[in-house]
Amino acid sequence: MNVLHLKFAAALIALCLWETPVFAVETTPYFFPYVSPYEATVMETPPAYQYQAPKDVPTSVFKVYPFPDRKIPDVFWYQDGLTCSLVYQKEEAPLIFIIAGTGARYNSPKMVALQRAFYQAGFHVLSITSPTYSEFVITASSNMMPGYLPADAKDLYRVMQLAWKKAQKKIRVSSFNLTGYSLGGIQSAFVSKLDEEQKVFNFKKVLLINPPLNLYSSVSRLDKMLLANVPGGIEHFGDFIDDALAKFSEASRAEGFVDLSGEYIYRIYRRYPPRQDFLASLIGFAFRVDSSSMIFAADVMNGGGYVVPKGVRLNSSTSLTPYSQVLFRTGFTDYFHEYFFPYWQKRHPELSEQQLIDKLSLTAIAPYLRSARKIGLLGNEDDIILAPGEIEKMVDIFGNRAQIYPTGGHCGNMNHPDVVRYMIDFFRKEG
Amino acid sequence: MTTKMTRMLIGLMLLTLLALCGCSTAPKTGPDTQPPLRTLENTVGPNMKPAATISDPFEGFNRGAYRFNYYFDKYLFLPVISGYQFIMPDYAEDRVSNFFDNIYELDNFTNSVLQLKFKKAAITTERFFINTVFGIGGLWDVATHLGVHRQNEDFGQTMGHYGVGHGPYLVLPVFGPSNLRDATGIAVDGLVFDAIDPLNFENNDLDVPFYLLYAIDTRKRVDFRYYGSGNPFEYELIRFLYTKKRELEIAD
């Protein structure tokens, strides 16, 4: 899951602080500077190792309205349509749709990095916000209960068609392609399968970047990263952050000044190398921030009953603090068992919880994935959202269409030159 | 003698304090309202310390101000800033930023002295002279290149240093996230700046362009956009983050 796009997470990390040490650049076979998958996930590729792409690319940002008649509740007064972005070439070119990871938007840092790299390689890029992002839940989801991959795929497919309708006034396209990272990766697989039936785009190539094998298994791991790594449990998270800030403050007193430049942060990083349990808890916390806003949006849009009282009217001056406090204590897995499963069971009484869990996985559509030669997989052996053995199961499904790197954590190496070049080659190659 | 801008600022704050009464933050309930599955009582529990809570008795007003700032940014502030950035070359923008940083070393100096942090006061003095002389009136920040780093201190920090708590959280119109202590600090720093009047505003009419450009330069340097995260709990997260950031600055 993309856990780092949120301002808060970024700011927390900026406050607690580490940044990337600078290493000498060399172009040897794949080498990644972070051995720890938690460091790789939080810190991402150090600047000296990043793929170099232009910073300014021609971009058009626009909105689509999949449900123009839907009444947006007062509490979401700032919402208006779903924002998408198009990065475009002047000439005819192949187009790549990108689906963002959990809780991430069309313009999150990982999305922007992909846009720049694909633009440089000669592609148009249409970026789609994740169905787990509150704006998507509110404006573009049909059932407003995200997580059910076949339904999310339909919502995404609808948005992609509307986005394409707007984009085609501006560009000429030679072929359609699809990719997504993290949750967006597994969603790409389901969208691709839907496209086989509806044939609107007839995707030429589809690349899944660091997807979970099984949604439930991965969200359980992310929930546990927060719960298992805060000393004394989640109710002490506030103390935990205070402690981290105190350490930062102590370090900056020793340095004699404070600033938030990369160089300064690296000095602090050397003084206090980050602890693995702290990094894990930060990842878990960022995920909790994402999932809490998603669950709140889903609950309000469905009339309440989970954390918001049924029949209550919230507006722009209503305090949402009590709901945020409840949701910071509510994991994605709690949502799954207490709200999400009952919702789907009401519609499909024969469905058991285990059957639902099994349905939300690449395994569930394995026969399709085995036969679809156009789909490729990009994974990391040390991906923290995968349980032991899951990467092998993916390799079993995708065979020689799986490209697995030994290190990189979860999406930590997406900006590594070797990885980016692999993605570009994947979309350039015929068949 | 206070300048027009400071009078405006103080007026704005008084208005803020007046407006603090009113605005209910409780959700509207009806006869068909039913309690949800998860409540504060059954999820957080009575003897657990809730995470990330900051005293916010004026939340109704604050949320209104937060919303006001969203529109103020959207229809006035950000368009003005785009215009400014369109007209000005980046290089010139940086000179403007450095100029304001240099003139406001005054705040850093007075507040370092008030906190009896004489080393910081000395560093600030050194910076001011280096940048004013070699940086030509502060247009270039030569001092930082020489390893003489900026020591940020304001009156809010001074009060914090002497044990004044942050008080109720406040979202100030235009100024953004603050609290009673820091808002008072902004006003006091403004009064001190006027009293010293380093640019002799008493005898010229440059105060209005100065403060307008200062406002533009300050907003330009802050990436934050109201509801930019799209997170429904952005207000809560910013409230927590602002308070923690200030604690960190006071501890330094």
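Residue indices follow the written sequence of each chain, beginning from 1 at its first position. To read the labels, note that chains go from A and ligands from 1, taken in the order they are written. Where totals are concerned, whole chains, interfaces and linings use all residues; where local detail is concerned, this predicted model gives features only for residues with pLDDT of at least 70, and gives and counts side-chain atom pairs only at 80 or more. Side-chain figures throughout are based on the complete set of non-hydrogen atoms in the structure, without hydrogens or water.

Formally: UniProt positions are given in the numbering used here, feature names are shortened, and annotations may be inferred rather than shown by experiment.
Under an unreviewed UniProt entry, the name given to chain B is Phospholipid-binding lipoprotein MlaA, and the organism recorded is Geothermobacter hydrogeniphilus. Database annotation for chain B, UniProt heading Sequence similarities (unreviewed entry): "Belongs to the MlaA family."

By the naming in an unreviewed UniProt entry, chain A is Alpha/beta hydrolase, taken from Geothermobacter hydrogeniphilus.

## Describing helix α6 (residues 118-133) of chain B
Put simply, the rule reads: The way it works is that DSSP assigns letters per residue, a run of H or I at least four long becomes a helix, a run of E at least two long becomes a strand, and they are numbered from the N terminus. Multiplying one less than the number of residues by 1.5 Å gives the expected span of a helix. Contact definition: two residues touch when any of their heavy atoms are within 4.5 Å.
Between its first and last C-alpha atoms α6 of chain B spans 22 Å; for 16 residues at 1.5 Å apiece the expected length is 22 Å, and the two agree. Where α6 of chain B is buried, its residues touch α4 (90-103), α5 (105-114) and α7 (142-145) of chain B.

## Some remarks on the packing of α5 of chain B against α6 of chain B
Residue and element names in this part refer to chain B. Using the following cut-off: To obtain an axis, a line is fitted to C-alpha atoms, over the contacting stretch when the element is a helix, and the angle between two such axes runs from 0 to 180 degrees between their N-to-C directions. Should an angle lie under 35 degrees it is considered roughly parallel, over 145 roughly antiparallel, and from 65 to 115 roughly perpendicular; all remaining angles are considered oblique. Crossing handedness is read from the near helix: turned anticlockwise from the far helix by less than a right angle, it gives a left-handed crossing, and turned clockwise, a right-handed one. In this count, Pro and Cys sit with the nonpolar residues alongside Ala, Val, Leu, Ile, Met, Phe, Trp and Tyr, while Asp, Glu, Lys and Arg are called charged and the others, Gly among them, polar.
Orientation of α5 relative to α6, taken along the N-to-C sense of each, is 160°, at an axis distance of 8 Å. Taken together, the axes of α5 and α6 lie roughly antiparallel to each other. Remark: the crossing between α5 and α6 carries left-handed chirality. Residues E105, N108, F109, S112 and V113 of α5 lie in contact with α6, whose contacting residues are F118, K120, A121, T124, T125, R127 and F128. Counted by class, the contact of α5 with α6 contains five nonpolar, four polar and three charged residues.

## Let's talk about the packing of α5 of chain B against helix α9 (residues 180-196) of chain B
Residues and elements named next belong to chain B. One way to put it is that α5 packs onto α9 with a least axis distance of 10 Å and a crossing angle of 105°. In terms of axis orientation, α5 runs roughly perpendicular to α9. From α5, L106, D107, T110 and N111 reach across to α9, where they touch D189, V192, F193 and I196. Each residue belonging to the contact of α5 with α9 can be placed in one class, and the counts come to four nonpolar, two polar and two charged.

## Let's talk about the side chain of S175 of chain A
Residue and element names in this part refer to chain A. Inclusion rule: Exposure is judged per residue with a 1.4 Å probe applied to protein chains only, and the accessible area is read against the type maximum: over 50% gives exposed, under 20% gives buried, and values in between give partly exposed. Here a polar contact is taken to be a pair of N or O atoms separated by no more than 3.5 Å, where protein atoms must pair a possible hydrogen donor with a possible acceptor and residues adjacent in sequence count only if both atoms sit in side chains.
Locating S175 in the fold gives a position in strand β5 (residues 173-181). Assessed through its relative accessible area of 12%, S175 is described here as buried. Within polar-contact distance, the side chain of S175 engages the side chain of N177 at 3.3 Å. Setting aside residues up to four positions removed in sequence, S175 forms contacts with A93, P94, L95 and K204.

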